[in-house]
Amino acid sequence: MEGLLEERHSEWPQDTVGYRLYYLGGENPGVCRAELERQLERIVCRLALLCAGYIWHNEAFRLQYTPARGDIPAHVGGVTNFGDNVDDEWLIVYLIQQVTKEFPDLVASVEDNDGDFLLIEAAEHLPKWLNPDTSANRVFFYRGELHIIPIPQNPGELSWLPASNPTILQALNLLTTHSDKCLAAEPIRNALRRRIQSYPEKIHADQHHAYCYVPAGIAAVLKHRPDLLAPAIQAFYLRDPIDLRACRPFKHFLPKTRVMTLVTFTKCLYAQLQQQHFMPDRRSGYTLPAQSDQHFKAHALGMKLAHGFEILCSKCSQPLPSSKTGGSTSSDPLWEGFINSLKKNNYFRGELEGSAQYRELLQSAEIYFQHSVSRPKSSSVLSPGEQVLQLLQTLSYSVEELQKEGDSLPPEDDDSWLDISPEELDQMLEEASGRKLLNSARQEEELDYDLHDVTKSMKAFVSKVSSHEGAEIPRSSAASQIQFDVNSFTSALERILGVESDELDSDDVDEEEDYDLLDSDAESDNKGGKLEEDMSAAETLENIRDYMEQMDQELASTNIGKSFTKITDKVGSDRPDVSEEAEGELETDSEGNLKILPVDVDLNLVENLLESYSSQAGLAGPASNILQSMGIRLPDNQDK
């Protein structure tokens, strides 16, 4: 993904996130580069404590120095394609936020191919002026908090705020000099905190350990490189008939060498593999026991993994070219400084060098170094399949020893989290949106449902002026912004002063007389054109009235009017009077003349809303979505 960071986010591939870290006070290019590279070494060592050993779904988080280009100053950053696992994207947000918190002289921006997705997370709390057109170069992390560069609200703020979207350099200067005024509002920051508050614990909570009955070669590869699990699962998940040709028969992972092992997945990878229904080709040699067998799931997972690894290897040239033999991590000039920094930061947790736990941590550090620190030449980069083949050639393993290890494995994790009930889904959605969940019994006992609120909210919603950007949900007057109407202000001022709008100041009278002769000819021409326009407007209005009368006549001869509840229908009824406001419905009398019967607009509105809500059968629908967006939540339908 190198080079994509310099392109516009709209040109990035789908599911791609880009991130940049800028150094404040970097006016001197030489000093700026030296400081950024120094900070980069400290950052990658600090982040190793958080995400070393993490299995990235598609591409790993990676930082590298990028010199200044155009309006973009020098920075360290990168671009990561996170694929189907959106948790990778939010983990990157958390990592960037932590970097700015621990390195106060760095400012960060994060965006994906959709733009400023941080604002999307807090969309309900954004000011009205903030939209995709005005958010460019305004959203940053600084000292661990979200900052949004505001727009000038009055002429006085133009002295320190740019009138249009700021450049990155202008934004960095504003964060340095007016950081308190650029701090995002508390509801916006709270919405973002809710999204990342589960980190760093979520990094380990998202892991899932499961038994897999796999060929010994795969068990040995995953023991040394657990990160190669992700590309193998992706190869199986995105397989096509041509890929499956390589799996009849198998060349690298024979079924007769299978052993039981415990594999560490991310929950996303496990779900992708587990939910795939697949039957192996008879020529592959892989067979599955009966579904009632206690090891059926382990056999099915292992069979799918074997197909994924075989597809990976089938796409590689054999033997490996000499230019792609790979290099040892220890031979990299950055490795020694990296490992020393890890020791200073207590990465090895006091484990003795050479112990099993120390070797496991060292292995995770090597994988992290290869993904996030080292900078190999493009000609020597190995594809995942080539890395698997190289490990098969260099690793020494015993099938018998792996079988013995399979007899004493720790228990696997429960995968009941794959099954979610509708109630659990509702709770997850409400927690994600920051709303408190109330059970239906408590709602019926404590909440007072007033149908007047339903009608008032719907009328306010309909009366709002919509645009191509969509309908606008009514907001309370306390939360709405102050609107200044120049014409209304001028009219009110004229009424106070007792001056009519067509009167002129005494100083302007002489000047006006000088222009009377010049304007007389133009005014005579304009009067004729204005008269024609007035006549045309009158004719158009009369045509519209005739058209509406014809429509009324046509509708009066149909049964549409009978579908509405009229005020006369409620005489003698025990139904409550919902509203006094009514409109007319046209009907014809015995002589064919039109007569107006009053229609109860509010009652018809409530009846139609309740009927629509009842037809949703507890699921999401237009009625509940509109009402909930306006803060109205109806009780569940208890009618038998």
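The structure contained in this document is the topic of the report that follows. It should be emphasised that the depicted structure is a prediction, and the values quoted were computed from it without experimental measurement. Here the residue numbers are simple positions, counted from 1 along each chain's written sequence. Per-residue local features are limited, in this predicted model, to residues with pLDDT of at least 70; the limit for side-chain atom pairs, both in listing and counting, is 80 or more; totals at the level of whole chains, interfaces and linings are taken over all residues. Values shown for side chains rest on all heavy atoms present in the structure; no hydrogens or waters enter the calculation.

Some words on the pairing of strand β3 (residues 75-81)
Side-chain direction in a regular strand flips from residue to residue, so the side chains alternate between the two faces of the sheet.
Here is step 1: For each residue, the accessible area found with a 1.4 Å probe, counting protein chains only, is set against the maximum for its type, and the residue is called buried under 20%, exposed over 50%, and partly exposed in between. A run of H or I in DSSP counts as a helix once it spans at least four residues, and a run of E counts as a strand once it spans at least two, with each numbered from the N terminus. For β3, the buried fraction is high: seven of the seven residues fall into the buried class.
Here is step 2: Side chains of β3 alternate between two faces, with His75, Gly77, Val79 and Asn81 and Val76, Gly78 and Thr80 buried alike.
Here is step 3: Paired strands, in this sense, are two strands between which DSSP finds at least two bridges. The pairing of strand β1 (residues 16-23) with β3 spans seven bridges and is classified as antiparallel. Along β3, the bridge assignment pairs Thr16 with Asn81.

With respect to the packing of helix α12 (residues 296-314) against helix α15 (residues 384-394)
Here is step 1: One way to put it is that α12 packs onto α15 with a least axis distance of 7 Å and a crossing angle of 100°. As the angle between them shows, α12 and α15 are arranged roughly perpendicular. Where α12 abuts α15, its residues Phe309, Leu312 and Cys313 lie against Pro384, Gly385, Val388 and Leu389.
Here is step 2: Amino acids outside the nonpolar list (Ala, Val, Leu, Ile, Met, Phe, Trp, Tyr, Cys, Pro) and the charged list (Asp, Glu, Lys, Arg) are all regarded as polar, and Gly is one of them. Tallied by class, the residues present in the contact of α12 with α15 amount to six nonpolar, one polar and no charged. Fitted lines through C-alpha atoms give the axes, limited to the stretch in contact for helices. The angle between two N-to-C directions lies from 0 to 180 degrees. An angle counts as roughly parallel when it lies under 35 degrees, as roughly antiparallel when it exceeds 145, as roughly perpendicular when it falls between 65 and 115, and as oblique in every other case. Residue contacts follow a heavy-atom distance rule, with two residues in contact if any of their heavy atoms lie within 4.5 Å.

As for the sheet that holds strand β4 (residues 106-112)
Here is step 1: In spatial order, the strands read β2-β3-β1-β4-β5-β6; together these six strands make up an open sheet with antiparallel pairing. Edge positions in the sheet fall to β2 (64-66) and β6 (145-148), since each of these pairs with one other strand and no more. In this sheet, adjacent strand axes meet at a mean angle of 35° when their direction is disregarded.

Observations regarding the packing of helix α9 (residues 229-237) against α12
Here is step 1: It is at 7 Å that the axes of α9 and α12 come closest, and there the two elements cross at 95°. By the angle between their directions, the pair α9 and α12 is classed as roughly perpendicular. Packed against α9, whose contacting residues are Leu229, Pro231, Ala232, Ile233, Ala235 and Phe236, the element α12 presents Lys304, Leu305, His307, Gly308, Phe309, Ile311 and Leu312 at the interface.
Here is step 2: Residue classes in the contact of α9 with α12 are distributed as 10 nonpolar, two polar and one charged.

Quick notes on unusual backbone geometry
Here is step 1: The omega torsion of the bond from Tyr199 to Pro200 falls at 10°, within 30 degrees of zero and hence cis.
Here is step 2: Within the secondary structure layout, Pro200 lies in the loop between α6 (186-196) and α7 (201-205).
Here is step 3: Arg248 connects to Pro249 through a cis peptide bond whose omega is -5°.
Here is step 4: Within the fold, Pro249 resides in the loop between α10 (241-245) and β8 (258-266).
Here is step 5: The backbone of Asn137 sits at a positive phi, close to 60°, despite the residue not being glycine.
Here is step 6: With respect to the helices and strands, Asn137 occurs in the loop between α3 (117-121) and β5 (139-142).
Here is step 7: The phi torsion at Asn346 lies on the positive side, around 60°, for a residue other than glycine.
Here is step 8: Its location among the elements puts Asn346 in the loop between α13 (335-344) and α14 (356-372).

A word on helix α22 (residues 601-615)
Here is step 1: To estimate how far a helix should reach, multiply one less than its number of residues by 1.5 Å. With 15 residues, α22 should reach 21 Å at 1.5 Å per residue; the first-to-last C-alpha distance of 21 Å fits that figure.
Here is step 2: Where α22 is concerned, the buried positions are Asp602, Leu603, Asn604, Val606, Leu609 and Tyr613.
Here is step 3: Trailing α22 by a residue or two, Ala617 shows a phi angle of about 55°, which is positive.

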